[in-house]
Amino acid sequence: MIPKNRLQETFDYLKQFLTDERLSKIEHFSQESSDFVLPVMEDVYQFRNAAAIVRSVEACGFHHVVALEEENVFNPNLKVTKGAETWVKVEKMPNNLDSLKEIKNRGYKILAVSPENNATMLPDYEVKEPIALVFGTELEGVSDEILDFADETLAIPMYGFTKSFNVSVAAAICMYELKEKLMKSNLNYKLSNEKLLELKIRWAKNSIKSSEQILERFLHSEI
């Protein structure tokens, strides 16, 4: 754990190990990063879906995913992610209500993506506070336990005989639509300075070979 008062100097130190192109990309894309929407995946088991979700989340400027694991491991296919796993933090938690309670205690409103419980349609939903968006399993959708716990449900309009999207498609639609809503709002949805530095340090570390050893030497040399 890097002390908060040393975040800036740590990132400044790591810069020297980055190419100019990589540093430029980190500086550019970090500015639009946000944790205002937190995608939460309930026991996703198909690795291609896991990978597509990570890729869509990153493309929309959200760089944190929570994977609730029970029977299955959230294991993205690296050929499908196109490198998105370098930028997205995947936090794994047990698939139970205690995990959702912890997420709620972090300040998130829990929204289950489901047509159940008088769901609000995605185009009509107004983002007012940080939300954790829970996507269910590929076959059964969001579990009844999570539906009962959720503060609200959110549904994607559909206009054909098929009444459901693949979970990775649903995640992509929701992430894109919610990012558009945030950008058009007056909400302060971007990362705080502290979180922004933590993100840039994580991205720098993931871009540097032997970064853990380099960082450890730096931090200990300054004690």
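Scroll up to find the structure.
Residues numbered from 1 in each chain as written. Predicted model: local features only at pLDDT ≥ 70, side-chain atom pairs only at ≥ 80, totals over all residues. Heavy atoms only, no water.

**Quick word on the pattern of salt bridges**
In step 1: Taken as a whole, this structure holds 16 salt bridges when the rule is applied.
In step 2: Across the salt bridge formed by Lys179 and Glu32, the nearest N and O atoms sit 3.6 Å from each other. With Lys179 in helix α7 (residues 167-184) and Glu32 in the loop between α2 (20-30) and β1 (37-42), this pair connects stretches of sequence that are 147 residues apart.
In step 3: Taking relative accessible area as the criterion, Lys179 reaches 7% and is therefore assigned buried.
In step 4: Between Lys181 and Glu177 there is a salt bridge, and its shortest N-O distance comes to 4.0 Å. Of this pair, Lys181 and Glu177 both sit in helix α7, 4 residues apart, which is roughly one turn of the helix. (Salt bridge = Lys/Arg side-chain N within 4 Å of Asp/Glu carboxyl O. Helix = DSSP H or I, 4+ residues; strand = E, 2+ residues; numbered from the N terminus. Buried < 20%, exposed > 50% of the residue type's maximum accessible area, 1.4 Å probe, protein only.)

**Here's the deal with the packing of aromatic side chains**
In step 1: Within this structure, the stated rule accounts for 3 aromatic pairs.
In step 2: Relative to Phe17, the ring of Tyr13 has its centre 5.5 Å away and its plane inclined at 65°; by these criteria the two rings are edge-to-face.
In step 3: Overall, the relative accessible area of 24% leaves Tyr13 in the partly exposed class.
In step 4: We classify Phe17 as partly exposed; its relative accessible area is 36%.
In step 5: Arranged with centres 5.3 Å apart and planes meeting at 80°, the rings of Trp87 and Trp203 form a pair that is edge-to-face. Within this pair, whereas Trp87 is found in the loop between α4 (78-81) and β3 (89-94), its partner Trp203 is found in helix α8 (residues 193-207), the two being separated by 116 residues in sequence.
In step 6: Residue Trp87 is classed as buried on the basis of its relative accessible area of 18%.
In step 7: Joined through ring pairs, the aromatic side chains of Tyr13, Phe17 and Phe218 make up one cluster.
In step 8: Sitting over the ring of Phe149, Lys104 keeps its end group 5.5 Å from the ring centre.
In step 9: Positioned over the ring face of Phe62 is Lys179, at 5.5 Å from the centre of the ring. (Phe/Tyr/Trp six-rings, centres within 6.5 Å; stacked < 30°, edge-to-face > 60°. Lys NZ or Arg CZ within 6 Å of the ring centre and 35° of its normal.)

**Digging into the packing of helix α1 (residues 7-14) against helix α9 (residues 211-221)**
In step 1: At a minimum axis separation of 11 Å, α1 and α9 run at an interaxial angle of 130°. When the axes of α1 and α9 are compared, the pair comes out oblique. The chirality of how α1 crosses α9 is right-handed. Here Glu9, Thr10, Tyr13 and Leu14 of α1 come into contact with α9, specifically with Ile214, Leu215, Phe218 and Leu219. (Axes fitted to C-alpha atoms, helices over the stretch in contact; angles between N-to-C directions. Parallel < 35°, antiparallel > 145°, perpendicular 65-115°, else oblique. Left-handed = near helix turned anticlockwise from the far one by under 90°. Contact = heavy atoms within 4.5 Å.)

**Side note on unusual backbone geometry**
A negative phi angle characterises most non-glycine residues, just as the trans form characterises most peptide bonds.
In step 1: Backbone geometry at Ser210 places phi at a positive 60°, although glycine is not the residue there.
In step 2: Locating Ser210 in the fold gives a position in the loop between α8 and α9.

**What about the sheet that holds strand β6 (residues 131-135)?**
In step 1: The parallel open sheet is built from 7 strands, whose spatial order is β3-β2-β1-β6-β4-β7-β5. The open sheet has two free edges, formed respectively by β3 and β5 (120-121), since each of these has just one partner strand.
In step 2: Pairing geometry for β1 and β6, over 5 bridges, is parallel. For Leu38, the partnering residue across the bridge sits in β6 and is Ala132. (Pairing = 2+ DSSP bridges.)

**Quick look at α8**
In step 1: For α8, with 15 residues, the first-to-last C-alpha span of 21 Å sits near the 21 Å given by 1.5 Å per residue.
In step 2: Listed as buried for α8 are Leu196, Leu197, Leu199, Lys200, Ile201, Trp203 and Ala204.
In step 3: In this structure, the buried residues of α8 make contact with α1 and α2. (Expected span 1.5 Å × (residues − 1).)

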